[in-house]
Amino acid sequence: MWKFFPNSVYRIKSSLTAINNSQLLSPHCFMKVVAKGNANIVIDYGNPNWLYRCCVRYENSLKCNNDYSLENYQYIKSTVEPLLKGTLCDMELKTISLELLKPVISEYIAQMDDTKVLVIKMPNLKSKDLDKQIYADHYTKIYASNDSRCVLWEFKPKWLHSVTDYCRNCTHSTMKGREMRYCYALLHRDHQHLDKVLAAVTSIPLQCGKELFRYFRDDKNVLATLYEAQMNLSHRKLEEIESVTDVDEELLLAMTLKDVTCFIEWRSDTDRLRVNVVDADLKPKEKFQHWLKTHHQLEAQEIKHYH
Ligand SMILES: [Zn+2]
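Under the annotation held in an unreviewed UniProt entry, the chain carries the name Inositol-pentakisphosphate 2-kinase and is attributed to Torulaspora delbrueckii. The UniProt entry for the chain carries the following comment under Sequence similarities (unreviewed entry): "Belongs to the IPK1 type 1 family." For the record of the chain, the UniProt heading Catalytic activity (unreviewed entry) holds the text "1D-myo-inositol 1,3,4,5,6-pentakisphosphate + ATP = 1D-myo-inositol hexakisphosphate + ADP + H(+)".

A. Expanded view of the overall build of the chain. Looking only at helices and strands, the chain features 9 helices and 12 strands. Its C-alpha atoms give the chain a radius of gyration of 20 Å, near enough to 19 Å, the size a compact globule of 307 residues would have. Judged by the C-alpha coordinates and their principal axes, the chain covers about 55 × 55 × 35 Å. Looking at the chain as a whole, 33% of its 307 residues are labelled buried.

B. Spatial organisation of the domain arrangement of the chain. Partitioning the chain into structural domains gives domain 1 (3-123) and domain 2 (132-299). Centre-to-centre separation of domain 1 and domain 2, based on C-alpha positions: 25 Å. Listed per partner, the contact involves 12 residues of domain 1 and 12 residues of domain 2. Residue classes in the side of domain 1 that touches domain 2 are distributed as 7 nonpolar, 3 polar and 2 charged.

C. Just helix H3 (residues 168-175), in detail. By the burial criterion, the buried members of H3 are Arg-168, Asn-169, Cys-170 and Thr-171. Where H3 is buried, its residues meet helix H4 (184-189) and helix H9 (288-299). Gly-177 occupies a position one or two residues after H3 and carries a positive phi of about 75°.

D. How the structure looks around the sheet that holds strand E12 (residues 274-278). Taken in spatial order, the 5 strands line up as E8-E9-E10-E11-E12 in an open sheet, and their pairing is antiparallel. Of all strands in the sheet, those bounded by a partner on one side alone are strand E8 (132-136) and E12. Neighbour to neighbour, the strand axes of the sheet diverge by 15° on average, direction disregarded. Note: strand E9 (residues 140-144) against strand E10 (residues 150-155), 5 bridges, orientation antiparallel. Note on E10: the bridge partner recorded for Ala-144 is Val-151.

E. Just the environment of Thr-164, in detail. In this fold, Thr-164 is placed in the loop between E10 and H3. The exposure class of Thr-164 is partly exposed, given the 13 C-beta atoms found within 10 Å. Through-space distance from the C-alpha of Thr-164 to that of Leu-223 is 19 Å; in sequence the pair is 59 residues apart.

F. Quick look at the nonpolar core. By size, the foremost hydrophobic cluster in this structure holds 70 residues, and its most contacted members are Ile-43, Cys-54, Val-117, Leu-226 and Val-277. Formed jointly, this core draws a minimum of three residues from each of two domains, domain 1 (3-123) and domain 2 (132-299). Discounting residues that sit within four places of it in the chain, Val-277 has contacts with Leu-84, Thr-87, Leu-88, Cys-89, Val-222, Val-260 and Cys-262.

G. Expanded view of the pairing of E10. Most of E10 sits out of view: 5 of its 6 residues are buried. Here E10 pairs with strand E11 (residues 261-267) via 6 bridges, running antiparallel. Note on E11: the bridge partner recorded for Trp-153 is Ile-264.

H. Molecular detail of unusual backbone geometry. Positive phi values are uncommon outside glycine, yet Ser-148 reaches one of about 60°. Inspection of the secondary structure puts Ser-148 in the loop between E9 and E10. The exposure class assigned to Ser-148 is partly exposed, which follows from the 15 C-beta atoms found within 10 Å. A positive phi angle, close to 60°, is found at Lys-158, a residue other than glycine. Among the structural elements, Lys-158 can be located in the loop between E10 and H3. Using a count of 19 C-beta atoms within 10 Å as the deciding quantity, one classes Lys-158 as partly exposed.

About the criteria used
- Residues numbered from 1 in each chain as written.
- Predicted model: local features only at pLDDT ≥ 70, side-chain atom pairs only at ≥ 80, totals over all residues.
- UniProt positions renumbered as here; feature names shortened; annotations may be inferred.
- Helix = DSSP H or I, 4+ residues; strand = E, 2+ residues; numbered from the N terminus.
- Rg over C-alpha atoms; globule rule 2.2 N^0.38 Å.
- Buried ≥ 20, exposed ≤ 12 C-beta atoms within 10 Å, placed from the backbone.
- Domains from an automatic or database assignment.
- Contact = placed C-beta atoms within 7 Å.
- Nonpolar A, V, L, I, M, F, W, Y, C, P; charged D, E, K, R; others polar.
- Pairing = 2+ DSSP bridges.
- Axes fitted to C-alpha atoms, helices over the stretch in contact; angles between N-to-C directions.
- Core = buried A, V, L, I, M, F, W, Y, C linked by C-beta atoms within 7 Å.

Written out as structure tokens, the structure reads:
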């Protein structure tokens, strides 16, 4: 999940028309980092409807981050998007001058060895009216508007398909000391499990709950899409991998699909839920060491969950 940094505000005095030609913007805008993940920051650049996602994976080289951003964008569009059946969030690769973004990225990237910054422009899925966080745990956040006419559910379903006989999600949660009342792998199999997911959320509007039940009863829901995509991949087992050269493309894709974030938005004035999948990034092959370590830790767990 993202960490939010509401106080990191940077004053940008130059006009932002250079980065958004479609709107007339104030010459004195505020740019700020609104969230930080493991390898990315999300920048609010002054337009409430859009955000920039900027890679900061390589702290010693802006150029390396730019190269990765280009490769990542092409990967998401060509490899991941076709599997997600229209649920991938809109995104566009943009080139921004370093001069404009330097004040916000210099905290994360030490070496400015390029004159431009490649960012992924995405819609701001958490619109301004969703100012109440009505639920949060490690895998799920739910926001609502003050008048309860809009609800946004953000969640990481993680491993919907696994070759282990135990539930990878629940066993991992126990290993991390997180007591989970629900499991997205179970919700995929049984829409009635939604009761458990939403049990601690008291202020979900009745109509929203009904729409969500209807959505997960449909076998074309986003969990079914992700499950199918995860299941259809055949790759080497983690325990067989000894070096980066053993990491195949399907394993990388599987790990991407097991780390996406889903957003489901309900609005009272429409009967259609809006579904968006984000965080569909290309994983570096070097991460196999972390995945393998976690796999061995899970295998050694005394308490495993089966369902
Ligand atoms: Zn489970």
